[in-house]
Amino acid sequence: MKRIVVNRYKCAYCGACVSVCKFDANELVETYLEIYPDKCTLCMVCVKTCPMGALEVVE
Ligand code: SF4
Ligand code: SF4
């Protein structure tokens, strides 16, 4: 099943991807970005928004 994953080495925890997600499918939790696959629609908005290229879709 496809899902969004975050590369922890690239992520700057800026929160931009959280701001643009209309489905509350991601959240900054302490020092990492949590992505909730059950809410994520794979709209790709966060992937395109991330300035660090830290998000990608995997099978
Ligand atoms: S792909 Fe869309 S729904 Fe999923 S976390 Fe990113 S912005 Fe939210
Ligand atoms: S937009 Fe990119 S760098 Fe910013 S919190 Fe999201 S994944 Fe991390």
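Residues numbered from 1 in each chain as written. Chains lettered and ligands numbered in written order. Predicted model: local features only at pLDDT ≥ 70, side-chain atom pairs only at ≥ 80, totals over all residues. Heavy atoms only, no water.

Draft legend 1. The overall build of the protein chain, seen in detail. Tallying secondary structure elements over the protein chain gives two helices and four strands in all. Taken against the 2.2 N^0.38 rule, which gives 10 Å for 59 residues, the C-alpha radius of gyration of the protein chain at 10 Å falls within 12% of a compact globule. Within the span of the protein chain, comprising 59 residues, buried residues form 25% of the whole. Partitioning the intrachain contacts of the protein chain with sequence separation of at least 6 by distance along the chain shows that 55% fall at a separation of at least 24. Of the side-chain charges in the protein chain, 7 are positive and 7 negative, and the distance between the mean point of each set is 8 Å. (Helix = DSSP H or I, 4+ residues; strand = E, 2+ residues; numbered from the N terminus. Rg over C-alpha atoms; globule rule 2.2 N^0.38 Å. Buried < 20%, exposed > 50% of the residue type's maximum accessible area, 1.4 Å probe, protein only. Contact = heavy atoms within 4.5 Å. Lys, Arg positive; Asp, Glu negative; His and termini not counted. Charge placed at Lys NZ, Arg CZ, Asp CG, Glu CD.)

Draft legend 2. Expanded view of the site of ligand 2. Neighbouring ligand 2 are 13 residues; Cys 11, Ala 12, Cys 14, Cys 17 and Cys 50 lie closest to it. Classifying every residue of the shell around ligand 2 gives 12 nonpolar, one polar and no charged. (Near = heavy atom within 4 Å. Nonpolar A, V, L, I, M, F, W, Y, C, P; charged D, E, K, R; others polar.)

Draft legend 3. Examining the site of ligand 1 more closely. If you check the shell around ligand 1, you find Ile 4, Cys 21, Phe 23, Ala 25, Asn 26, Cys 40, Thr 41, Leu 42, Cys 43, Met 44 and Cys 46 and nothing else. For the shell around ligand 1, a count of residues per class yields nine nonpolar, two polar and no charged.

Draft legend 4. Just the pairing of strand E2 (residues 26–29), in detail. As paired strands, E2 and strand E3 (residues 32–35) are joined by four bridges and run antiparallel to one another. The residue of E3 that forms the bridge with Asn 26 is Ile 35. (Pairing = 2+ DSSP bridges.)

Draft legend 5. Looking closely at the nonpolar core. Among the nonpolar cores identified, the biggest contains 10 residues, and these are Ile 4, Cys 11, Cys 17, Leu 33, Ile 35, Cys 46, Val 47, Cys 50, Ala 54 and Leu 55. Those elements that place two or more of their residues in this core are E3 and helix H2 (45–49). Setting aside residues no more than four positions away along its own chain, Ile 35 makes contact with Ile 4, Val 5, Val 6, Ala 25, Asn 26 and Leu 55. (Core = buried A, V, L, I, M, F, W, Y, C linked by side-chain atoms within 4.5 Å.)

Draft legend 6. Inspection of the environment of Phe 23 at higher detail. Note on placement: Phe 23 falls in the loop between helix H1 (16–20) and E2. A relative accessible area of 39% means that Phe 23 is categorised as partly exposed. Along the backbone, Phe 23 and Thr 41 are 18 residues apart, and their C-alpha atoms lie at a distance of 7.7 Å. Discounting residues that sit within four places of it in the chain, Phe 23 has contacts with Lys 39, Thr 41 and Cys 43.

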